[in-house]
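Structural overview
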Amino acid sequence: MCGITGWIAYDKDLTAEREALDAMTRTMSCRGPDASGMWTDTHAALGHRRLAVIDIEGGKQPMPVEHDGRTVLVTTYSGEIYNYRELREQLTARGHSFRTSSDTEVALHAYLEWGEDFTERLNGMYAFALWEPRERQLLLVRDRMGIKPLYYYPTPDGVIFGSEPKAILAHPAVRPAVDGEGLAELLAFTKTPGHAVYRGMYEVRPGHVVRVRPEGLTERRYWALEAREHTDDQETTVRRVRELLDDIVERQLIADVPLCTLLSGGLDSSVITALAARRLGAAGKGPVRSFAVDFVGQTENFQADALRGTPDGPYAHALAEHARSDHQDIVLDTAALMDGRNRDAVLFARDLPFGTGESDTSLYLLFKEIRKHSTVALSGESADEVFGGYRWFHDEDAVWGDTFPWITAFGTNGFAGRGSGSRTGLLRRDLLDRIDIRGYRDARYREALAEVPHLPGESRLEHRMREVSYLHLTRFVQYLLDRKDRASMAVGLEVRVPFCDHRLVEYVFNTPWSLKTFDGREKSLLRAAALDVLPESVAQRVKSPYPSTQDTRYTDALRDRVRALAADSSSPARPLIDQEAAEQAAKGTGHQSRQGMEVALGLDSWLRRYGVELSV
């Protein structure tokens, strides 16, 4: 896992622009703490920051391929190709020779052998920039599910790109500007594929290739979810899910550095940890290390709400004991969550003002502690989107509502739980009217529905549940994957997401809803496929999302900061804030939520640090 950046300019000699390239590359140092590299040609400048995971000595980048003393291809690459060993064997049989044992070199030779179709052979998470000097062509390639981020900024004579917006914003020709549509994207609580919030900047869409040539820029999709008839019966389907999971976990355990799992005690992370423990034990490499997050006093004083019925701790410990993992709880307190240095680090990691509030900060602190022990972590992220695990998958109002299901659930059914409520509660009404979040969200919802593939003859329920699944796999999960990538790479930790393997996603996407819920519960297929490796308590546990602190002192601290913000006439966020609502929130007399206060504080910090030009 790494940080990549670069600049293509067909009307400029970039060999004289190493200072600008160095500034862009340095912004990626958190993603790649182990090494830095730059490569320049007349019209191309590529930068790389490396987190060494496979072939520590030989995998340095940017990596070129030379023929007869001439560079024919060079890449700066972030990610992991889990089937690189099989591809290496195939390429060797076709006459290719290798000087390293890295997956990076395999990717280069795969492109030389198969051209742009090489993407169809890759199993992994990746973001590539491939430059061909002779053809003067750049390819930007992103993995199928969008696990690894990749942004680009077209210029009159080329493109600027990077793993994160901060790399592009470090270029002297780019200003951090956001218009009304960008602000609506921030507040709509859906992640539109390709949208980067900053004006003039884009994100390479999952499963797409962006080609840059002197005559301009084009985009091509190489993968998308397709509707296919599912002919396997229940027993065969459960067995196939397990076979895929076993293969996926085995592939994703390959690393030349210490590895662990993220264990919450929920079904998803428990399945990954249990299968990893079994595989490592069979190979004589166990036990697996596992880590969980908790808050001071929360397990002992836990209070159930509409979203979280049980604390994570007891279930994480039950799975750790059952799988015999080397387990450690990372226990956080309110002081750490409110520490300005930690909140600033989260802002810098995301390049955007707000996500999920203290959950982002706690995730960052969890990863920061894990990084002291491991370089790679396997996560249970995305299982809910793949298998239908969220409660709103089973709520009629959310399923049949005329918007994204999670919007209905959060807004009307209280699924957001403790401290939930409006993200926009402290923003001025006239501002919200101008950017029209409801209209923006509705347009994005219609666009998403128009993409959904269907089979002829689907029942009304099957038709709708395929839509609900598609919305989660292409919109909702993008938000979560981006959050996890930024928080982990901010401390140089590589997080792998086995449930995003495209083979599993394709198979389960086409499994009928009646099979996904054959026992009348959420994630029936996943539970059945892994029942033999789980303790009964974990197998039967009801879904509980990533934990949120219940310490009232956290809310009190937010109110103190909102009170200071409301009184600060120099705040750049002041023109956006409803002064009366902010004062009520500070006093605790209004109906403002924790989320609303987080948004207001996040806007203030973002505008101060990034110098954003808002035009709304």
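In short, a report on the structure. (Residues numbered from 1 in each chain as written. Predicted model: local features only at pLDDT ≥ 70, side-chain atom pairs only at ≥ 80, totals over all residues. Heavy atoms only, no water.)

Here's the deal with helix α10 (residues 340-350)
Which entries qualify depends on this criterion: Per-residue accessibility, obtained with a 1.4 Å probe over protein chains only, is compared with the maximum for each type, and a residue is labelled buried under 20%, exposed over 50%, and partly exposed between these values. Comment: elements are numbered from the N terminus, with helices defined as DSSP H or I runs of at least four residues and strands as E runs of at least two. The contact criterion used throughout is that any non-hydrogen atoms of two residues lie within 4.5 Å.
Of the positions making up α10, those classed as buried are N342, R343, A345, V346, L347, A349 and R350. For α10, the elements touching its buried residues are α4 (165-169), α9 (334-338), α11 (358-370), α17 (460-489), α22 (552-567) and α24 (594-610). Following α10 by one or two positions, D351 adopts a phi angle in the positive range, close to 65°.

A closer look at the sheet that holds strand β12 (residues 208-213)
Short version of the rule: Between any two strands, at least two bridges found by DSSP are needed for them to pair. An axis is simply a line fitted to the C-alpha atoms; with a helix, the fit covers only the stretch in contact. Between two such axes, the angle follows the N-to-C directions and lies from 0 to 180 degrees.
Strand order in this open sheet of six strands is β4-β5-β6-β7-β12-β13, and the pairing throughout is antiparallel. In this open sheet, the two strands that pair with only one neighbour each are β4 (63-67) and β13 (216-221). Taken pair by pair, the neighbouring strands of this sheet meet at an average axis angle of 15°, ignoring direction. Sheet topology note: the strand β6 (residues 124-132)/strand β7 (residues 137-142) ladder contains six bridges and is antiparallel. Looking across to β7, one finds that A127 is bridged to R142.

Quick notes on the side chain of R211
Short version of the rule: By the criterion applied in these results, polar contacts are pairs of N or O atoms within 3.5 Å in which, for protein atoms, one can donate a hydrogen and the other can accept it, and in which residues neighboring in sequence qualify only through two side-chain atoms.
Residue position: R211 is located in strand β12. In this structure the side chain of R211 is engaged in a polar contact, spanning 2.5 Å, whose partner is the side chain of E116. In contact with R211, not counting residues within four places along its chain, are E116, Q137, L138, L139, G216, L217 and T218.

A word on the packing of aromatic side chains
The condition is simple: Centres within 6.5 Å are what make two rings of Phe, Tyr or Trp a pair, Trp counting through its six-membered ring; a difference in plane orientation under 30 degrees is then read as stacked, over 60 as edge-to-face, and the rest as tilted. In this scheme, Lys NZ or Arg CZ marks a charge over a ring once it lies within 6 Å of the ring centre and within 35 degrees of the ring normal.
Overall, the coordinates contain 21 aromatic pairs when judged by the stated rule. On the numbers, 6.4 Å between centres and 40° between planes, the contact of Y10 with W131 is tilted. You can see Y10 sitting in the loop between β1 (2-9) and α1 (18-26) and its partner W131 sitting in strand β6, a full 121 residues away along the chain. As far as burial versus exposure is concerned, Y10 and W131 are alike and both buried. An angle of 15° between the planes, with centres 6.4 Å apart, marks the rings of Y390 and F393 as stacked. The exposure class of F393 is buried, given its relative accessible area of 3%. In this arrangement the basic side chain of R121 is found over the ring face of W114, its NZ or CZ atom lying 3.9 Å from the centre. Lying over the aromatic face of Y546, R483 brings its terminal NZ or CZ to 5.1 Å of the ring centre.

Some remarks on the nonpolar core
What counts is decided by this rule: Here, nonpolar core refers to any group of buried Ala, Val, Leu, Ile, Met, Phe, Trp, Tyr and Cys residues whose side-chain atoms link them within 4.5 Å.
Counting 85 residues, the largest nonpolar core has F128, F387, L504 and L534 as its most contacted members. Among the elements that make up this core, the one with the highest residue count is helix α7 (residues 267-282) (eight residues). When near neighbours in sequence (up to four residues on either side) are disregarded, F387 contacts V241, F499, L504, V508, K516, K523, L525 and L526. Counting residues in hydrophobic clusters, the runner-up holds 77 residues, among them Y151, A184, F291 and L337.

A few points about unusual backbone geometry
Note that the residue after Q61, namely P62, is joined by a cis bond; omega there is -5°. Of note, P62 is situated in the loop between β3 (44-50) and β4. With an omega of -5°, the peptide bond running from G286 to P287 counts as cis. Turning to its location among the elements, P287 is positioned in the loop between α7 and β15 (289-295). Located in the positive-phi region is D68, a residue other than glycine, with phi close to 55°. Take D68: it is sitting in the loop between β4 and β5 (70-81). In this structure, R324 is a non-glycine residue whose phi angle is positive, near 55°. Checked against the element boundaries, R324 lands in the loop between α8 (313-323) and β16 (326-332).

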